[in-house]
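Summary of the model geometry
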Amino acid sequence: MHITWPTHKNTFLLCLFLPLWLAGCSSNIIQQQSPRILQLESKDFAKYWVTKDKLIDWRKALPAELHNDSKENTSQYKASFVVDSQGQMTQLVIINSVTGELLEQAALAEISSQEFYPTAQNSALQAVRINTSFRL
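Only a predicted model underlies this, so the values are computations on that prediction, with no experimental measurement involved. (Residues numbered from 1 in each chain as written. Predicted model: local features only at pLDDT ≥ 70, side-chain atom pairs only at ≥ 80, totals over all residues. Heavy atoms only, no water.)

Re the overall build of the chain
A tally of helices and strands in the chain yields 2 helices and 6 strands. Listed N to C, the secondary structure of the chain is α-β-β-β-β-α-β-β in terms of helices and strands. Counting across all 136 residues of the chain, residues that qualify as buried make up 25%. By sequence separation, contacts in the chain at least 24 residues apart represent 72% of the contacts at least 6 residues apart. Taken as a whole, the chain presents about 9,900 Å² of accessible surface, with 58% of it coming from carbon and sulfur. (Helix = DSSP H or I, 4+ residues; strand = E, 2+ residues; numbered from the N terminus. Buried < 20%, exposed > 50% of the residue type's maximum accessible area, 1.4 Å probe, protein only. Contact = heavy atoms within 4.5 Å. Areas by Shrake-Rupley, 256 points an atom, 1.4 Å probe, with all protein chains shown as cover.)

Okay, structure coming up:
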């Protein structure tokens, strides 16, 4: 049985390229991981983000004919959205709780432009998902 030992030149090349190759593999793994989105109850949202300029006006997401001023015929809606690490509202979905109707994305364009500032407690710019409900 004959064992072939690596030559000095081969060992040098292996030592030179192995760390570079491993570093390239680890950076690909890091880049492929998406940022973690923290699931919050609506009461905890203000610990992470506050609205820029104005409060969220859910009426802007609904067609005018669905705005109802009488207390007897109010409709309940469920809303879910993400505030990403740049303070942008994304992934907004609004569903009528009674009918199960999903509001069209085109109707949500104005409210989806809502922006947020991070709070002092959110210096890491943690992205969050909020599930809430509202009546109109």
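Once the structure has been displayed, the description carries forward.
Considerations on the nonpolar core
General note: in soluble globular proteins, nonpolar side chains tend to be found buried as a group. Ranked by size, the top nonpolar core spans 21 residues in total, and within it Phe45, Trp58, Phe81, Leu92, Ile94 and Phe134 carry the most contacts. Going through the elements one at a time, β3 (76-83), β4 (89-96) and β6 (128-135) are the ones with two or more residues in this core. Of all the elements, β3 adds the most residues to this core, at 4 residues. The residues contacting Leu92, other than those within four sequence positions of it, are Trp58, Ser80, Phe81, Gln105, Leu108, Ile111 and Ser112. (Core = buried A, V, L, I, M, F, W, Y, C linked by side-chain atoms within 4.5 Å.)

Overview of the pairing of β6
In summary, the side chains of a regular strand alternate between the two faces of the sheet. Summarising the sheet, strand β1 (residues 38-41) and β6 pair through 4 bridges and their orientation is parallel. Looking across to β6, one finds that Gln39 is bridged to Arg129. In this structure, β3 lies alongside β6, joined through 8 bridges in antiparallel fashion. Bridge pairing in β6 links Val83 to Val128. (Pairing = 2+ DSSP bridges.)

Topic: the side chain of Gln114
Relative to the assigned elements, Gln114 resides in the loop between α2 (109-112) and β5 (116-118). Of the residues examined, Gln114 reaches a relative accessible area of 3% and is grouped as buried. For Gln114, the side chain forms a polar contact with the main-chain oxygen of Lys54, separated by 3.1 Å. Excluding anything up to four places from it in sequence, Gln114 contacts Thr51, Lys52, Lys54, Leu55, Ile56, Gly87, Gln88 and Met89. (Polar contact = N/O pair within 3.5 Å; in protein donor to acceptor, adjacent residues only side chain to side chain.)

A few points about the packing of aromatic side chains
Under the defined criterion, the tally for this structure stands at 6 aromatic pairs. Look at Trp58 and Phe81: their rings are 6.1 Å apart centre to centre, the planes differ by 50°, and that puts the pair in the tilted class. Separated by 23 residues along the polypeptide, Trp58 in the loop between β2 (49-51) and β3 and Phe81 in strand β3 bring together distant segments of the chain. Joined through ring pairs, the aromatic side chains of Phe45, Trp58, Tyr77, Phe81, Phe116 and Phe134 make up one cluster. (Phe/Tyr/Trp six-rings, centres within 6.5 Å; stacked < 30°, edge-to-face > 60°.)

Structural notes on unusual backbone geometry
One non-glycine residue, Asp53, lies in the positive phi region at around 65°. On the secondary structure map, Asp53 appears in the loop between β2 and β3. According to the relative accessible area criterion, Asp53 is exposed, its value standing at 76%. Positive phi, normally seen in glycine, also occurs at Gln91, with a value near 55°. With respect to the helices and strands, Gln91 occurs in strand β4. You can call Gln91 partly exposed: its relative accessible area is 46%.

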